[in-house]
Amino acid sequence: MKQGEMELKLGDDNLVLRATPYALRFILSKHEDLRTAIQRVYMMNDKVIYDILEAGVTDGKVQINRKALEENAFNEGLINLIGPMTDFLMLLANGGKKPSTEKTEEDVSGKT
């Protein structure tokens with residue numbers, strides 16, 4: 001996998017979601033901001049989950065069968081998609097890079 005990509009098995013399909021400016025704009029145009037999208041994912045809002053999948057898969061260049069995507073996501077279980085969808089939104093928020101998990105010296109010592 002390249003930076004900014006994540007693989008997701010959905011039914012019989014192996015999808016590659018790509019964190020791109022297009023994906024970010026697509027999601028923001030439908031769900032206000034990333035915080036709202038994350039909240040909606042945690043509320044298992046099916047529309048936001050389907051929109052995230054579409055945004056990550058299409059990159060604006062490929063046509064998909066939205067109905068089949070929705071059915072596969074539903075069959076996978078929305079609860080099982082919370083983690084991967086949140087991870088993908090975090091990739092978008094960080095320019096396609098995984099958020100750093102390294103602690104700074106200030107984090108460790110508790111000093112600010």
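Throughout what follows, the structure given in this document is the object of discussion. The structure presented is a predicted model; accordingly, all values stated were derived computationally and were not measured.

### What about the overall build of the protein chain?
No. 1: In terms of helices and strands, the protein chain carries six helices and two strands.
No. 2: Overall, the protein chain shows an N-to-C arrangement of helices and strands of β-β-α-α-α-α-α-α.
No. 3: The buried share among the 112 residues of the protein chain stands at 39%.
No. 4: In the protein chain, the share of contacts with a sequence separation of at least 24, taken over all contacts with a separation of at least 6, comes to 61%.
No. 5: Carbon and sulfur atoms form 49% of the exposed surface of the protein chain, whose accessible area is close to 7,300 Å².

### Some details on the side chain of T20
No. 1: Relative to the assigned elements, T20 resides in the loop between β2 (13-18) and α1 (21-31).
No. 2: A distance of 3.1 Å separates a polar side-chain atom of T20 from the backbone nitrogen of A23.
No. 3: For T20, the residues in contact, after removing those within four places along its chain, are D59 and L92.

### Here's the deal with the pattern of salt bridges
No. 1: All chains considered together, the criterion is met by six salt bridges.
No. 2: The residue D51 makes a salt bridge to R66 at a minimum N-O spacing of 2.9 Å. Placement of D51 in helix α3 (residues 46-58) and of R66 in helix α4 (residues 66-76) is noted, with a sequence separation of 15 residues between them.
No. 3: Judged by its relative accessible area of 21%, R66 is partly exposed.
No. 4: Via salt bridges that share partners, K47, D51, E54, R66 and E70 belong to a single interconnected network.

### Some thoughts on unusual backbone geometry
No. 1: A positive phi is found at E32, a non-glycine position, where the angle reads about 65°.
No. 2: Relative to the helices and strands, E32 is located in the loop between α1 and α2 (34-42).
No. 3: Its relative accessible area of 57% is what places E32 among the exposed residues.
No. 4: The backbone phi angle of M44 is positive, close to 55°, even though this residue is not glycine.
No. 5: Overall, M44 belongs to the partly exposed group, its relative accessible area being 37%.

### Quick word on the pairing of β2
No. 1: For strand β1 (residues 5-10) and β2, the ladder comprises six bridges, and the chain directions are antiparallel. Counted as the bridge partner of L10 is D13 from β2.
No. 2: Count of turn residues in the β1/β2 antiparallel hairpin: two residues, of which G11 carries a positive phi of about 65°.

### Some thoughts on α3
Since there are 3.6 residues in each turn of an α-helix, residues three or four apart along the chain are aligned in direction.
No. 1: The first and last C-alpha atoms of α3 sit 18 Å apart over 13 residues, in line with the 18 Å expected at 1.5 Å per residue.
No. 2: Burial runs high along α3: 10 of the 13 residues are buried.
No. 3: Of all the positions in α3, only V48, I49, Y50, D51, I52, L53, E54, A55, G56 and T58 are classed as buried.
No. 4: Close packing links the buried residues of α3 with β1, β2, α1, α2, α4 and α5 (78-93).
No. 5: Where α3 begins, one side-chain oxygen reaches toward the backbone nitrogen of K47, 2.9 Å away; that side chain belongs to N45.
No. 6: Phi turns positive, to about 55°, at D59, one or two residues after α3.

Conventions and cut-offs
In this numbering scheme, every chain counts its residues from 1 along its sequence in written order. The model is predicted, so local features are restricted to residues of pLDDT at least 70 and side-chain atom pairs to those at 80 or more, both for listing and for counting; the totals for chains, interfaces and linings are taken over all residues. Working from all heavy atoms in the structure, the side-chain values ignore hydrogens and water. Strands are runs of DSSP state E lasting at least 2 residues, helices are runs of H or I lasting at least 4, and numbering of each runs from the N terminus. Under the scheme applied here, a residue whose accessible area is under 20% of the maximum for its type counts as buried, over 50% as exposed, and between as partly exposed, the area being computed with a 1.4 Å probe on protein chains only. What makes two residues a contact is simply this: any of their non-hydrogen atoms within 4.5 Å. Each accessible area is a Shrake-Rupley estimate made with a 1.4 Å probe; only the visible protein chains count as cover when residues are assessed. By the criterion applied in these results, polar contacts are pairs of N or O atoms within 3.5 Å in which, for protein atoms, one can donate a hydrogen and the other can accept it, and in which residues neighboring in sequence qualify only through two side-chain atoms. One speaks of a salt bridge when a side-chain nitrogen belonging to Lys or Arg is within 4 Å of a carboxyl oxygen belonging to Asp or Glu. By definition, two strands form a pair when at least two bridges between them are found by DSSP. Given a helix with a known number of residues, its expected span is that number minus one, times 1.5 Å.

Note that all results are geometric; they support no functional claim without further evidence.
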